[in-house]
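Coordinates in review
If you want the building blocks of each chain, they are given just below.
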Amino acid sequence: MAVFTLGALTTVPVPARPDLVAAPVWEALVASGIQDAVGVVEIDPSVSDTAATQATYGLSTDTLANCVVVAGKREGEERIAACVVLATTRADVNGAVRRRLDVRKSSFLAMDRAVGLTGMEYGGITPIGLPSDWPVLVDARVAASAAVIVGSGIRRSKLILPGIVLAGLPGVEVLEGLAKPLEG
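These notes cover the structure that comes with them.

**Here we look at the sheet that holds strand S6 (residues 77-86)**
- With mixed pairing, five strands are arranged side by side in an open sheet as S8-S5-S6-S9-S12. The outermost strands of the open sheet, each flanked by one partner alone, are strand S8 (106-108) and strand S12 (172-175). On average, each strand axis in the sheet is tilted by 30 degrees relative to the strand beside it, whichever way the strands run.
- Note: strand S5 (residues 65-74) against S6, ten bridges, orientation antiparallel. Each bridged residue has a counterpart across the sheet, and for Val69 the counterpart in S6 is Ala82.

This is the structure we're talking about:
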């Protein structure tokens, strides 16, 4: 069973606290058989945003990953994907993501739509448990991480798991160049 310690956060295996993950996240963890490889930790929901989580819990930015939902249209058909990038980077929405979705322009999905379509809380959206027809694009740096912190589907907790476990989930595509470094 997975127990991780990063900064001031120490997880318990997800099966010990399934109440700390959104329903679609728990279902996906069990369906994929990785629930024992993933840790969960309760946090103060008021500090669930990446920068606040980092500062509050003394975390390195290269262990924090953001999951953003992006959409574009092609011939009237909306195409949606989730992108997972390290906090030290930003998703290349109008480069790598646009090309992968094969759309003319891509942009972040509106908060209310992202929440409605995922069944997760804003600020807690995670790449685990998303609609099965969405590709989950994971930057190669995330996949190479020994342990990465992602949302749990709710704001009051975080998941920690090896990048390779995340990369092995159904629907995940690991892409080099999905993200660009943040500009200083």
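**Thoughts on the sheet that holds strand S11 (residues 157-161)**
- Here we have four strands laid out as an open sheet, ordered S3-S4-S11-S10, and antiparallel in their pairing. Strands with a single pairing partner mark the edges of an open sheet, and in this sheet they are strand S3 (12-13) and strand S10 (148-151).
- Looking at chain direction, S10 and S11 are connected through four bridges and run antiparallel. Pairing of Val148 across the sheet is with Leu161, part of S11.

Basis of the calculations
- Residues numbered from 1 in each chain as written.
- Predicted model: local features only at pLDDT ≥ 70, side-chain atom pairs only at ≥ 80, totals over all residues.
- Heavy atoms only, no water.
- Pairing = 2+ DSSP bridges.
- Helix = DSSP H or I, 4+ residues; strand = E, 2+ residues; numbered from the N terminus.
- Axes fitted to C-alpha atoms, helices over the stretch in contact; angles between N-to-C directions.

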